[in-house]
Amino acid sequence: MPRTELRQLQLERLQATVNRAYRNVAFYRQRFDELKLSPEDFQSLDDLGRLPLTGKDDLRAGYPYGLFAVPLREVVRIHMSAGTTGSPSVVGFTANDVRHLAALVARNLSAAGVTADDVIQISFEPGIFTAGFGFHYGAEALGASVMPLGYGNPERQVRVMRDFRTTVLVGTPDYALTIAGAMEDAGLDPHELSLRVGIFGGEPWDESVRQTVENRLQLRAFDCYGLAELGGPSVSFECPQHSGLHIAEDQFLVETVDPVTGEPLTAGEEGELVFTTLAKEAFPLLRFRSGDISRIDETPCPCGRTHARMARVSRHADDRVVVRGVCIVPSQIEALVGSVPGLSPACRIVVDRSSLLERIEVHVQLAPGTVPDRVGRLIQMEAEVRRKLEETLGLPVDVKLGAPGTLPAGAPALEETS
Amino acid sequence: MSLLRLSSVRAGYGGLQALRGVSLHASEGEITALLGANGAGKTTVLNAVCGLVPIAGGDVFFAGERVTGYPTERLVRMGLAQVPEGGKVFGELSVRDNLLLGAYSRRGRSSRAEVRDDLEEMCRMFPVLREASSRRGDTLSGGEQQMLAIARALMSRPRLLLLDEPSIGLAPMAAAEVLRQVAALRELGTTVLLVEQNVAAALQIADRGYVLEVGQVVLEGTAAELLASRDVRRAYLGRDYEGI
């Protein structure tokens, strides 16, 4: 679709979305009214900037159904996002939303060369998070043969892959490497398998990981990007050019903003991605902060698609990392550590990804001037901070307590080893 | 490729603003339906496109050209034709003269032979018009008048046909026949913007559609999506409680 026609479609859909959000979602109506804005004020795509950003906190405040734009009886499915603190985001789908998502994922899969003839092994868990069902419905809409294996025993993944002659693997890049390891342990050569395409997402990964996965599994690896809040694994995808991810601009309006000030940036500048849904019935979002840092490229792609491309997400705006599916945000960890009397909030988080079971170590130090009267008190403090962290993250955490000044000043708060 | 494009159009009558920023498009060769309750602004969209209602804001593009504020006769020469609600055929004129009047905008551009061929084509499409060729327009039944009105509009060889409630006031059989003829226009390659109060019937023949509420678009989608939308079903089809 030529970009002028795309702009027209976006304007039509933006106005319809704004009109419905204002009529049906109290949160947005209140925001508009406070700012003395009316849906009529959105006469061009640029007017979108008059609205404030919507953050994950706003979604939490509406937990569970506060931001739904249709009555619950019209919602046919409910998903959640993973989150470390407070309530998760809750996302509803109407029957049309489910069909849209399936069609969109099918479109993305076909851009990677996947067809109805493929046998697709999905190693995202078909559960409350959006990735498993999103890919499942998309692959079925494409007419492919779908095996919803989920996570679990990598040896079984390899066995199924060999016996069922799987041609497409869908999952996290990390898990793909685990499967590659299991394949090598079983003494299998990737050439004995039928794999040809891998669709990987759910966590940031880079070109070196792509090369490793492609070599070890003998397939072409494609990056995909999505957010539970935006309906799942459908927001952007790589075409065979592998030069950025095409954003489904007929479904989402994308902007980049300064992650600190929230001020809009011009196309091409690196910033936080902000999305507005254009075709969601149950859960429309206006200017939703993704927390992901990227760049938008509107220049034409050699593949011929006119949808703009985003650079692969390199990091999150708040430097969060994902460990065993749980988002870890350093600033939140620091706040927790600082809440223990006698401890400095400064800490160092070490994520050890060398073994299959990823581990987290949190190095903390005594606040300057704190002189514990006895060793028992130190052990107590260590235990208290561990309890707090484990309660919040739901993961086992190792805590190392040091004297004031043990942590080098200016060192990164987060370190990953693999 | 969109033949007609509205970008945030505002229009109204006196102090009443009937359209409050409407954006929509009609793609070449497709039937696009405008749906909504009475007073939602559907007819005003058609009238704003034809220059019958002044446009207070926004723009209209036709065949890639900005036509905002163009006088109606100029738009008709560019290939726009409207069939108003109820058809509005000329009662004292014969069916044949009604049809010939439809070709008025082509004077000087088409030969008599071409017009005669088109007249023959209309009689082939709507056989009832051939039989009634010399009868006065007001002696036709409601359904026949509606067909005459559509045929009269087609005589101008429009690129875009604006149809306002073609089935209103017709008996069910006649309404179905009129809509069947509208669907057949797609085969001729005519682009249609259709306002129709019979939502289910309109979505049966349309490719895409828009739902208007008090002068604003609240839903946009393919006909299948709109048919499946609970909003549309609840508001216009009265079918929300099926199965309970």
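Sequence order sets the numbering: in each chain, residues are counted from 1 along the sequence as written. Whichever chain is written first becomes A and whichever ligand is written first becomes 1, with later ones labelled in order. Only residues with pLDDT of at least 70 are given local features in this predicted model, and only at 80 or more are side-chain atom pairs given and counted; all residues enter the totals for whole chains, interfaces and linings.

What about the overall build of chain A?
Per the secondary structure count, chain A includes ten helices and 21 strands. To get the radius of gyration, use the C-alpha atoms; to get the globule rule, take the number of residues to the power 0.38 and multiply by 2.2 Å. Taken over C-alpha atoms, the radius of gyration comes to 23 Å for chain A, in line with the 22 Å a tight globule of 418 residues would show. With the principal axes as the frame, chain A shows a C-alpha extent of 70 × 65 × 40 Å. Out of the 418 residues belonging to chain A, those deemed buried represent 43%. Throughout, a residue-residue contact means that the two C-beta atoms, derived from backbone geometry, are no farther apart than 7 Å. Intrachain contacts of chain A at a sequence separation of at least 6 include 65% that bridge at least 24 residues. By the criteria applied, helices consist of DSSP H or I runs no shorter than four residues and strands consist of E runs no shorter than two, each listed in order from the N terminus. Think of it as a crowd count around each C-beta: if 20 or more other C-beta atoms lie within 10 Å the residue is buried, if 12 or fewer it is exposed, and in between it is partly exposed, with C-beta placed from the backbone throughout.

Regarding the sheet that holds strand β6 (residues 80-83) of chain B
All names here are of chain B. Here six strands make up an open sheet; going across it, the order is β6-β7-β8-β3-β9-β10 and the pairing mixed. Both outer strands of the open sheet, β6 and β10 (216-222), are each paired with one neighbouring strand and no more. On average, each strand axis in the sheet is inclined to that of its neighbour by 15 degrees, with strand direction left out of account. Where β6 and strand β7 (residues 160-164) come together, four bridges link them in parallel fashion. Residue pairing across strands places Leu 80 opposite Leu 160, the latter belonging to β7. Each of β3 (31-36), β7 and β8 (191-195) is contacted by helix α7 (residues 172-188), which is oriented at about 155 degrees to β8, the strand it contacts most. A strand pair is defined by DSSP finding two or more bridges across the two strands. A fitted line through C-alpha atoms serves as each axis, taken over the contacting stretch for helices, and the angle formed by two N-to-C directions is quoted from 0 to 180°.

Some remarks on the nonpolar core
One finds A:Phe252 and A:Phe275 to be the most contacted residues of the largest nonpolar core, which totals 86 residues. Beyond its immediate stretch of four places on either side in the chain, A:Phe252 contacts A:Leu230, A:Val235, A:Ile247, A:Phe275, A:Thr276, A:Thr277 and A:Leu278. As used here, a nonpolar core is made of buried Ala, Val, Leu, Ile, Met, Phe, Trp, Tyr and Cys residues. They are joined through C-beta atoms within 7 Å. If you look at the next biggest cluster of nonpolar residues, it comprises 76 residues, including B:Leu6, B:Val60, B:Val199 and B:Leu219.

Regarding unusual backbone geometry
All names here are of chain A. In this structure, Pro 64 follows Tyr 63 across a cis peptide bond, with omega equal to -5 degrees. Within the secondary structure layout, Pro 64 lies in the loop between α3 (56-61) and β1 (77-80). One non-glycine residue, Lys 36, lies in positive phi territory at about 55 degrees. Its 7 C-beta neighbours within 10 Å are what place Lys 36 among the exposed residues. Even without glycine at this site, Gln 218 takes up a positive phi of about 55 degrees. Mapping Gln 218 onto the fold places it in the loop between α8 (207-217) and β7 (220-227).

Structural notes on the packing of helix α3 (residues 95-102) of chain B against helix α6 (residues 142-154) of chain B
Residue and element names in this part refer to chain B. Where α3 meets α6, the axes come as close as 7 Å, and the angle between the chain directions of the two elements is 35 degrees. α6 is crossed by α3, and the crossing has right-handed handedness. Judged by residue contacts, Val 95, Asn 98, Leu 99, Leu 101 and Gly 102 of α3 engage Leu 148, Ala 151, Arg 152 and Ala 153 from α6. Residues are grouped as follows: nonpolar covers Ala, Val, Leu, Ile, Met, Phe, Trp, Tyr, Cys and Pro; charged covers Asp, Glu, Lys and Arg; every other residue, Gly included, is treated as polar. Per-class residue counts for the contact of α3 with α6 are six nonpolar, two polar and one charged. A crossing counts as left-handed when the near helix is turned anticlockwise from the far one by less than a right angle, and as right-handed when that turn is clockwise.

Re the interface of chain B and chain A
Taken together, the 19 residues of chain B in the interface contact 18 residues of chain A. Elements with a contribution of two residues or more to the side of chain B that touches chain A: β1 (2-13), β2 (16-27), β10 and α9 (223-228) of chain B. For the side of chain B that touches chain A, a count of residues per class yields five nonpolar, nine polar and five charged.

Looking at the domain arrangement of chain A
It is common to give the size of an interface as the accessible area that goes away when the parts come together. Split by domain assignment, chain A resolves into domain 1 (92-317) and domain 2 (323-417). As used throughout, domain bounds are those supplied by an automatic or database domain assignment. The gap between the C-alpha centroids of domain 1 of chain A and domain 2 of chain A is 33 Å.

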